[in-house]
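Below, each chain spelled out in residue letters.
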Amino acid sequence: MIAAPRQALLSTEISAVTHRSQCLAVIKNIVHAFGLSHGTIFVAPTPADVHAAPLVLESTLPIEFIQEYDRHQMVRHCPMITKFASSIRPHTWNLMASSHESDELEWLPMTRDLMLRFGLIVGIFFVFNAQDHRKYYMRFEGDRPPVSRSELNELNMIAMELFDRYNSLLRAEMSTINALSARELEVVRWTAQGKTSVEIGGILTLSDHTINAYMTTAMKKLDCVNRTQLVAKAIRLKLIQ
């Protein structure tokens, strides 16, 4: 695909995103357009983090990869994070390249073997600083020849546009979350446990009519059309366990 049309198409698609859940489809289209396999947006880990799964916001990586990655607490030894976390420029890696051909990264043998097994041979790593002072990472990877300088520049522009859109939607969601009252969260928690409005009313000493009113308000705030969607979104946003 020629760079200009590819970038224009992806830019148009990103601009059309109105919900954060739609970003995963955009990520899939980006990796496909560049001949890659997977893309991930995740929160930058702190020294206290030992697992990557809780930090992942959006990813096309197989769950088996993340589970094995976390089984060995590989996030503590990820060379991209330890070496490039303070850099704002994009970085690449190529597991098959010699040290002078790619950014010099010292992979743990088990990490390298895992990435090879899942075909994550070549990749690009981006660092973003958000307005809330949090740091986020984005990576695209797959099994293809190393990206060229022009491709890297193009993907960098697309990644920045995607993150700006994603972060804007994330902040809007967090603002909505903060607007949920303690009682609304309580009702959603009990609903997630399979309780009916009558049962929740009995637990909270409220009428089922009042419980339904709390539920309706919560659905409006989280932009959901039914209780099933509300519970699913509340879990995804980590409002409830």
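The structure presented is a predicted model; accordingly, all values stated were derived computationally and were not measured. (Residues numbered from 1 in each chain as written. Predicted model: local features only at pLDDT ≥ 70, side-chain atom pairs only at ≥ 80, totals over all residues. Heavy atoms only, no water.)

Some details on unusual backbone geometry
Our working definition: To qualify as a helix, a DSSP run of H or I must reach at least 4 residues; to qualify as a strand, a run of E must reach at least 2; elements of each kind are numbered from the N terminus.
In this structure, Gln-73 takes a positive phi of about 50 degrees despite not being glycine. Position of Gln-73 among the secondary structure elements: in the loop between helix H3 (63-71) and helix H4 (79-84). The phi torsion at Asp-223 lies on the positive side, around 55 degrees, for a residue other than glycine. Tracing the chain through its elements places Asp-223 in the loop between helix H9 (208-221) and helix H10 (227-236).

Digging into the layout of surface pockets
To keep things clear, this is the line we draw: Site definitions follow a grid-based scheme: protein atoms alone, a 1 Å grid, a 1.4 Å probe that fits but cannot get out for cavities, and for pockets an open set with protein on both sides within 12 Å along at least five of seven lines, plus lining residues having an atom within 4 Å of a point. Grid points are joined across faces, edges and corners, and a volume is the space filled by probe spheres set on the points. Residues are grouped as follows: Ala, Val, Leu, Ile, Met, Phe, Trp, Tyr, Cys and Pro are nonpolar; Asp, Glu, Lys and Arg are charged; every other residue, Gly included, is polar.
Estimates place the volume of the largest pocket at around 540 Å³. Residue lining of the largest pocket: 20 residues in total, with Arg-20, Val-56, Leu-57, Arg-236 and Lys-238 positioned closest to the centre. Listed by contribution, the elements that provide at least two residues to the lining of the largest pocket are strand S2 (56-59), H3 and helix H6 (149-179). In terms of residue count, H6 provides more of the lining of the largest pocket than any other element does, 4 residues in total. Looking at side-chain class alone, the lining of the largest pocket contains 12 nonpolar, 1 polar and 7 charged residues.

Here's the deal with the packing of aromatic side chains
Put simply, the rule is: Here a Phe, Tyr or Trp ring, Trp counted by its six-membered ring, pairs with any other such ring whose centre lies within 6.5 Å, and the pair is stacked when the planes are under 30 degrees apart, edge-to-face when over 60, and tilted otherwise. Accessibility here uses a 1.4 Å probe with only protein chains present; expressed as a share of the type maximum, an area under 20% marks a residue as buried, one over 50% as exposed, and anything in between as partly exposed.
If you walk through the whole model with that rule in mind, you get 9 aromatic pairs. Seen in terms of ring centroids, Phe-42 and Tyr-137 are 5.4 Å apart; in terms of plane orientation they differ by 70 degrees. Their pairing is edge-to-face. On the criterion of sequence distance, the pair formed by Phe-42 in strand S1 (residues 38-43) and Tyr-137 in strand S5 (residues 135-142) is long-range, its members being 95 residues apart. A single burial state applies to Phe-42 and to Tyr-137, both of which are buried.

None of the figures reported here should be taken as evidence of function without further support.
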